[in-house]
Amino acid sequence: MSWAAHDLEPYAFQRHLNLKVAFVPLLIGSYSPDMMSKWFVYGIHLGPWDLKASNPAQFHRGWPGVGFTHSFLFGLVICLILWKGFGSKLWGVSFLIGHWAHALTDTGDTVGTMLLFPWTFHFHLDAWAYAGQTGRMTDAAAYFSGLGGMWDLVWIVYGFFSWRVLTSDYFDNVIFRADAFWPWCNRAVPRGALLTLYRAAFFYGTSRWIAWTLWAHVIHHYPYDLSWGGPHWVPAAHP
Amino acid sequence: MRLRLSTGTPDRHDLIVFGGYCVAAAVYIAIGLTWIDFLFSFWVGVVYLLVTAWLIPTAVRRIL
């Protein structure tokens, strides 16, 4: 799984697609595969109950489970609902791009994704360890000690390289004009607040990457292991 | 319409805005390292950014 890439990838796509995409569905698409499932992967305390998947990796990425949310077909179905059902091709296609980017990025870990569901084969590159089953904190430590964290860094650097997509001029001339959602919001929300909201995912992804890296390596001294499939000090899950 | 983005060089206004976001990020990271749960929620991050990067600067501009 990825911790910050899904916050940052939409800005990279935005740089290249400009008016051809709408940013909000692009971002929602990028978040969508994990929206309803991450809490159950890590587990939560709800009063006297501890709710957690008995096999988090299987639940998150497999079948039976909700692994179909990381398939091309799932993104396509939501795309068609937005396009044909709600009449917005722009939102449908933008959602699809964001969603497929997430599904492809998550093939980087040791569990991978069922890209061609209903075929339940997991496509996985094994570049970094999937450690969601170990709990949120160990997963964070492992992720930011291996190639997963470095992959996030690539998106941060590319985001800064594409800094113009974060400027107010770009927001006014592209983001705001491409999608009627923004003028609709602007009836109640000032333009300055909307610009801040547009930048929020980049801020969140980048700040969180720095914070977790400091937490893992300055405060807790987890060892870096940038070898393929690492870090090997954590038990990686497999399909 | 086809837009081309050059990487170019940010102007003074861009750098001032970027500096403000860097300060906001430094405080966000400091809070997050002190209270780790702060880092988990996207919505907490959004509200934090709205307050620090829009609400407070807007209020200060109005007072001044």
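Residues numbered from 1 in each chain as written. Chains lettered and ligands numbered in written order. Predicted model: local features only at pLDDT ≥ 70, side-chain atom pairs only at ≥ 80, totals over all residues.

Undergrad: Quick question: what am I supposed to make of the overall build of chain A here?
TA: In terms of helices and strands, chain A carries eleven helices and two strands. Its helices and strands taken in sequence order, chain A reads α-α-α-β-β-α-α-α-α-α-α-α-α from the N to the C terminus. By the compact-globule yardstick of 18 Å for 239 residues, chain A fits well, its C-alpha radius of gyration being 18 Å. Across its three principal axes, chain A shows a C-alpha extent of roughly 50 × 40 × 40 Å. Look at the contacts in chain A between residues 6 or more apart in sequence, and 66% of them connect residues 24 or more apart. (Helix = DSSP H or I, 4+ residues; strand = E, 2+ residues; numbered from the N terminus. Rg over C-alpha atoms; globule rule 2.2 N^0.38 Å. Contact = placed C-beta atoms within 7 Å.)

Undergrad: Where do I start with the overall build of chain B in this structure?
TA: A tally of helices and strands in chain B yields two helices and zero strands. Taken over 64 residues, chain B has a buried fraction of 17%. (Buried ≥ 20, exposed ≤ 12 C-beta atoms within 10 Å, placed from the backbone.)

Undergrad: Can you help me understand the interface of chain B and chain A in this one?
TA: The parts lose accessible area when they come together, and the size of an interface is often stated as this lost area. Contacts between the two partners involve 22 residues from chain B, matched on the other side by 24 residues from chain A. Sorting the residues of the side of chain B that touches chain A by element identifies α1 (12-34) and α2 (42-63) of chain B as the ones contributing at least two each. The leading source of residues in the side of chain B that touches chain A is α2 of chain B, at eight residues. A per-class count over the side of chain B that touches chain A returns 17 nonpolar, four polar and one charged. (Nonpolar A, V, L, I, M, F, W, Y, C, P; charged D, E, K, R; others polar.)

Undergrad: Just to check I follow, could you spell out the packing of helix α1 (residues 5-17) of chain A against helix α8 (residues 147-161) of chain A for this structure?
TA: All names here are of chain A. For the pair α1 and α8, the least separation of the axes is 9 Å and the interaxial angle reads 35 degrees. Judged by the twist between their axes, the crossing of α1 over α8 is left-handed. Residue-level inspection shows Ala5, Leu8, Glu9, Tyr11 and Ala12 of α1 in contact with α8, the latter providing Trp151, Asp152, Trp155, Ile156, Tyr158 and Gly159. Grouping the constituent residues of the contact of α1 with α8 by class yields eight nonpolar, one polar and two charged. (Axes fitted to C-alpha atoms, helices over the stretch in contact; angles between N-to-C directions. Left-handed = near helix turned anticlockwise from the far one by under 90°.)

Undergrad: I would appreciate a short explanation of unusual backbone geometry in the present structure.
TA: Trans is the common state for peptide bonds, and a negative phi is the common state for residues other than glycine. Residues and elements named next belong to chain A. The linkage connecting phenylalanine 117 with the following residue, proline 118, adopts the cis geometry, with an omega of 15 degrees. As for its placement among the helices and strands, proline 118 is situated in the loop between α6 (89-105) and α7 (136-143). Here the bond from glycine 230 into proline 231 is cis, since omega is 0 degrees, no more than 30 degrees from zero. Relative to the assigned elements, proline 231 resides in the segment after α11 (191-219). Positive phi, normally seen in glycine, also occurs at histidine 221, with a value near 60 degrees. Relative to the elements of secondary structure, histidine 221 occurs in the segment after α11. Judged by the 8 C-beta atoms lying within 10 Å of it, histidine 221 falls in the exposed class.

Undergrad: Teacher, can you tell me more about the confidence of the model for chain B here?
TA: Do not read the predicted coordinates in detail wherever pLDDT is low. Counting all residues, the mean pLDDT for chain B is 91, and 89% of those residues have values of 70 or more. Overall fold confidence (pTM) sits at 0.94, and the ipTM for the predicted complex is 0.94. (pLDDT = per-residue confidence, 0-100.)

Undergrad: Honestly, the nonpolar core in this entry has me stumped. Any pointers?
TA: Considering soluble globular proteins, one finds that nonpolar side chains tend to be buried as a cluster. Core analysis: the biggest nonpolar cluster contains 71 residues, and Phe23, Ile97, Tyr130, Ile175 and Trp212 of chain A have the highest contact counts within it. When residues no more than four places from it in sequence are discounted, the contact partners of phenylalanine 23 of chain A are Pro10, Gln14, Ile175, Asp179 and Tyr198 of chain A. (Core = buried A, V, L, I, M, F, W, Y, C linked by C-beta atoms within 7 Å.)

Undergrad: Honestly, helix α2 (residues 23-31) of chain A in this entry has me stumped. Any pointers?
TA: The periodicity of an α-helix, 3.6 residues per turn, causes residues three or four positions apart to be oriented the same way. With seven of nine residues buried, α2 of chain A lies mostly within the body of the structure. Regarding α2 of chain A, the residues found buried are Phe23, Val24, Pro25, Leu26, Leu27, Gly29 and Ser30 of chain A.

Undergrad: What exactly am I supposed to notice about helix α9 (residues 168-178) of chain A here?
TA: Where α9 of chain A is concerned, the buried positions are Tyr170, Phe171, Val174, Ile175, Phe176 and Ala178 of chain A. Contact partners of the buried residues in α9 of chain A: α2, α10 (181-186) and α11 of chain A.

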